[in-house]
Amino acid sequence: MVKEYVQDLSGMGRPVSLGSYLARIGGRAARALGPRCPYRVGDTVTADDPFSGRREGVVVWQDRRSVGVKTPYGVFFFDHRLVRPLD
């Protein structure tokens, strides 16, 4: 049995306020100019955190500001400013 989905047309044709449009554009600009994580999934890194210590591993998750480093002891999440490439 194949289900067909129909697009909801109730929002089409509604006017958009200038304030909401400018807020959306401003949000996009702020995200584009914000800090970005320079590491990609698969990079080998060393993370040095004062609370959890130094960890070496592979990046398995990355966001704009943080990375998940997989070590033999599990996955640890660090701010990208605390992570350095493995020498």
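Calculation rules
Residues numbered from 1 in each chain as written. Predicted model: local features only at pLDDT ≥ 70, side-chain atom pairs only at ≥ 80, totals over all residues. Heavy atoms only, no water. Pairing = 2+ DSSP bridges. Helix = DSSP H or I, 4+ residues; strand = E, 2+ residues; numbered from the N terminus. Axes fitted to C-alpha atoms, helices over the stretch in contact; angles between N-to-C directions. Buried < 20%, exposed > 50% of the residue type's maximum accessible area, 1.4 Å probe, protein only. Salt bridge = Lys/Arg side-chain N within 4 Å of Asp/Glu carboxyl O.

J.: Outline the sheet that holds strand β5 (residues 83-85), listing residues and values.
T.: Within a beta sheet, neighbouring strands are joined by backbone hydrogen bonds and run either parallel or antiparallel to one another. Spatially, 5 strands are ordered β4-β3-β2-β1-β5 in an open sheet, and the strand pairing comes out antiparallel. Sheet topology places β4 (74-79) and β5 at the edges, where each strand pairs with a single neighbour. Ignoring which end each strand starts from, the neighbouring axes of this sheet average 45° apart. Pairing analysis gives 4 bridges linking strand β2 (residues 53-62) to strand β3 (residues 66-71), with the strands arranged antiparallel. Paired with Q62 across the two strands is V67, which belongs to β3.

J.: Could you give an account of the pairing of β3, naming the residues involved and the relevant values?
T.: In terms of residue burial, β3 counts as a mostly covered element, since 5 of its 6 residues are buried. Connecting the antiparallel pair β2 and β3 is a turn made up of 3 residues. Bridge count between β3 and β4: 6 bridges; the pairing is antiparallel. By the bridge assignment, K70 is partnered in β4 with V75.

J.: Explain the pattern of salt bridges to me, using residue names and the numbers behind them.
T.: Counted by the stated rule, this structure contains 2 salt bridges. Ionic pairing is found between R54 and D48, a salt bridge with its closest N-O pair at 3.3 Å. Of the residues examined, R54 reaches a relative accessible area of 57% and is grouped as exposed. According to the relative accessible area criterion, D48 is partly exposed, its value standing at 38%. The partner of D79 in a salt bridge is R81, and the shortest N-O contact between them spans 2.7 Å. Looking at D79, the relative accessible area reads 27%, which means it is partly exposed. A residue is classified by how much of its surface remains accessible, and R81, at 59% relative accessible area, is exposed.

That's the geometry; what it means functionally is another story.
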